[in-house]
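Here is what each chain is made of, one letter per residue.
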Amino acid sequence: MNMHSAPRPSLRGRVLLETDLGALLDDTRIRLLEAIDTAGSLSAAARITPLSYKAAWDALEAMNHAAGSPLTVRITGGRRGGGTALTAHGRCLMALYRAVEWECQAAVGELVRHLECGGDACNFGNLLHRPPPGRATAGQPGAAPALAGKGEC
């Protein structure tokens, strides 16, 4: 079998946001929050995610504890028996996570493009939009040179 004919696996990054109290947000927890926002109840969100109700409850309690303020509120009563809704803080953290995830995937995409064009992973830092902490930015002494023809090999 020709090794070159097999499709290459795609490369993806994963994001985990933690506090000193433990894990705050990961892909499963974000999907749970998004499902709560859409479905309006924890039980429906657990089915959508999919998680057991107990696992969804535990994840929500852990997120609320690690976040420092509630990500959701319980809505009691009503014709449908109440439900669960995201707080403004919950929506903000959801947006933050998705923004960080987008940046991560963009960086991984740049790495893949760089490697496919014959570059090496050691110089990957030059491809990022911003320098690592403690490094000079473009235009300052010691800054990495800008990539000419960004988006091309």
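The coordinates are above.
S.K.: Honestly, the pattern of salt bridges in this entry has me stumped. Any pointers?
M.R.: Side chains that differ in sign of charge can pair as their charged atoms come close. The tally for this structure, following the rule as stated, stands at eight salt bridges. Between K54 and D58 there is a salt bridge whose closest N-O contact spans 2.9 Å. Highlighted residues: K54 and D58, both in helix α3 (residues 53–67), separated by four residues, approximately one helical turn. On the basis of relative accessible area, K54 is assigned to the exposed category, the value being 55%.

S.K.: Got a minute to help me understand α3 in this structure?
M.R.: It helps to recall that an α-helix has 3.6 residues per turn; residues three or four apart then point in one direction. Counted at 1.5 Å a residue, the expected span for α3 with its 15 residues is 21 Å, and the 21 Å between its end C-alpha atoms agrees. Along α3, the positions that sit buried rather than exposed are A56, A59, L60, M63, N64, A66 and A67. For α3, the elements touching its buried residues are β1 (17–19), β2 (22–25), α1 (27–39), α2 (42–48), β3 (72–75) and α4 (88–116).

S.K.: Help me understand the packing of α1 against α4, please; the structure alone is not making it clear to me.
M.R.: For any two helices packed against each other, the geometry comes down to the angle between their axes and how far apart the axes lie. Viewed as axis vectors pointing N to C, α1 and α4 meet at an angle of 135 degrees, and their least axial separation amounts to 11 Å. In terms of axis orientation, α1 runs oblique to α4. With respect to the hand of their crossing, α1 and α4 are arranged in left-handed fashion. Contact residues: D27, I30, R31, L33, E34 and D37 in α1; R91, M94, Y97, R98 and E101 in α4. Broken down by class, the residue content of the contact of α1 with α4 amounts to four nonpolar, no polar and seven charged.

S.K.: Would you mind going over the pairing of β2 with me for this structure?
M.R.: Within a regular beta strand, the side chains point alternately toward one face of the sheet and then the other, so they alternate between its two faces. Across three bridges, the pairing between β1 and β2 is antiparallel. Counterpart to T19 in the pairing with β2 is G22. Between β1 and β2, which pair antiparallel in sequence order, lie two residues.

S.K.: How should the side chain of N64 be read in this particular structure?
M.R.: If you trace the backbone, N64 turns up in helix α3. Every residue in contact with N64, bar those within four places of it in the chain, is listed here: S69, P70, L71 and T72.

S.K.: What exactly am I supposed to notice about unusual backbone geometry here?
M.R.: The phi angle of most residues is negative, glycine excepted, and most peptide bonds adopt the trans form. Looking along the chain, the bond that leaves T49 and enters P50 is cis, with omega of -20 degrees. Topologically, P50 is positioned in the loop between α2 and α3.

S.K.: Would you mind going over the nonpolar core with me for this structure?
M.R.: A general tendency of soluble globular proteins is for nonpolar side chains to be buried together. Core analysis: the largest hydrophobic core is formed by 22 residues, its most contacted members being L25, L32, L33, I36 and M63. Elements supplying a minimum of two residues to this core: β2, α1, α2, α3 and α4. Counting residues per element, this core draws most heavily on α3, which supplies six residues. Excluding its chain neighbours within four sequence positions, the residues that come into contact with L33 are L25, L60, M63, L71, T72, L86 and M94.

S.K.: I tried to follow the packing of α1 against α3 on my own but got confused; where do I start?
M.R.: Where α1 contacts α3, the two axes come as close as 11 Å, and the packing angle between them is 100 degrees. By the angle class used here, α1 and α3 are roughly perpendicular. Mapping the contact onto sequence places R29, L32, L33 and I36 in α1 and A56, A59, L60, A62 and M63 in α3. Looking at side-chain class alone, the contact of α1 with α3 contains eight nonpolar, no polar and one charged residues.

The rules behind these values
Residues numbered from 1 in each chain as written. Predicted model: local features only at pLDDT ≥ 70, side-chain atom pairs only at ≥ 80, totals over all residues. Heavy atoms only, no water. Salt bridge = Lys/Arg side-chain N within 4 Å of Asp/Glu carboxyl O. Helix = DSSP H or I, 4+ residues; strand = E, 2+ residues; numbered from the N terminus. Buried < 20%, exposed > 50% of the residue type's maximum accessible area, 1.4 Å probe, protein only. Expected span 1.5 Å × (residues − 1). Contact = heavy atoms within 4.5 Å. Axes fitted to C-alpha atoms, helices over the stretch in contact; angles between N-to-C directions. Parallel < 35°, antiparallel > 145°, perpendicular 65-115°, else oblique. Left-handed = near helix turned anticlockwise from the far one by under 90°. Nonpolar A, V, L, I, M, F, W, Y, C, P; charged D, E, K, R; others polar. Pairing = 2+ DSSP bridges. Core = buried A, V, L, I, M, F, W, Y, C linked by side-chain atoms within 4.5 Å.

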